[in-house]
Amino acid sequence: MDQIEQDIKNVINKLRPYLQRDGGDIEYVRFEEGVVYVRVLGACQGCAYIDDDIKEGVEMILMEEVPGVTEVVSV
């Protein structure tokens, strides 16, 4: 695993407790060409707001903290 993937995982692990306290979770799937692919779990799977949470929360933080990240997509 290269450094950028480790940095992505570290940031996601910092965010996980916020989702977990509402019954959800997020996990890293892969990183390709600037795009981080994540999987949402638990209460997040059926949540109507998860796309907004991913784009306005997770994506924004990852783009700020990890150079090279251009987008986050939920799979």
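- For the protein chain, an unreviewed UniProt entry supplies the name Fe-S cluster biogenesis protein NfuA, 4Fe-4S-binding domain and the organism Kandleria vitulina.
- Within the UniProt record for the protein chain, the comment given under Function (unreviewed entry) is "May be involved in the formation or repair of [Fe-S] clusters present in iron-sulfur proteins."

Here we look at helix H1 (residues 3-20)
Right, on to step 1. Relative to the 26 Å expected for 18 residues at 1.5 Å per residue, H1 spans 26 Å between its end C-alpha atoms, a close match to the ideal helical length.
Right, on to step 2. Residue Lys-14 marks the point of greatest curvature in H1, where the axis turns by about 30°; the proline Pro-17 follows within four residues.
Right, on to step 3. Taken residue by residue, H1 has Ile-4, Ile-8, Val-11, Ile-12, Leu-15 and Leu-19 as its buried positions.

Here's the deal with the pattern of salt bridges
Right, on to step 1. Within the structure shown, the criterion is met by 6 salt bridges.
Right, on to step 2. With a shortest N-O distance of 3.2 Å, Glu-32 and Arg-30 are connected by a salt bridge.
Right, on to step 3. Classification of Glu-32 by relative accessible area gives partly exposed; the value is 40%.
Right, on to step 4. The structure contains a network of salt bridges with shared partners spanning Lys-55, Glu-59 and Glu-71.

Rules used in this analysis
Residues numbered from 1 in each chain as written. Predicted model: local features only at pLDDT ≥ 70, side-chain atom pairs only at ≥ 80, totals over all residues. Heavy atoms only, no water. UniProt positions renumbered as here; feature names shortened; annotations may be inferred. Helix = DSSP H or I, 4+ residues; strand = E, 2+ residues; numbered from the N terminus. Expected span 1.5 Å × (residues − 1). Bend = angle between axes of the 7 residues up to and from the residue. Buried < 20%, exposed > 50% of the residue type's maximum accessible area, 1.4 Å probe, protein only. Salt bridge = Lys/Arg side-chain N within 4 Å of Asp/Glu carboxyl O.

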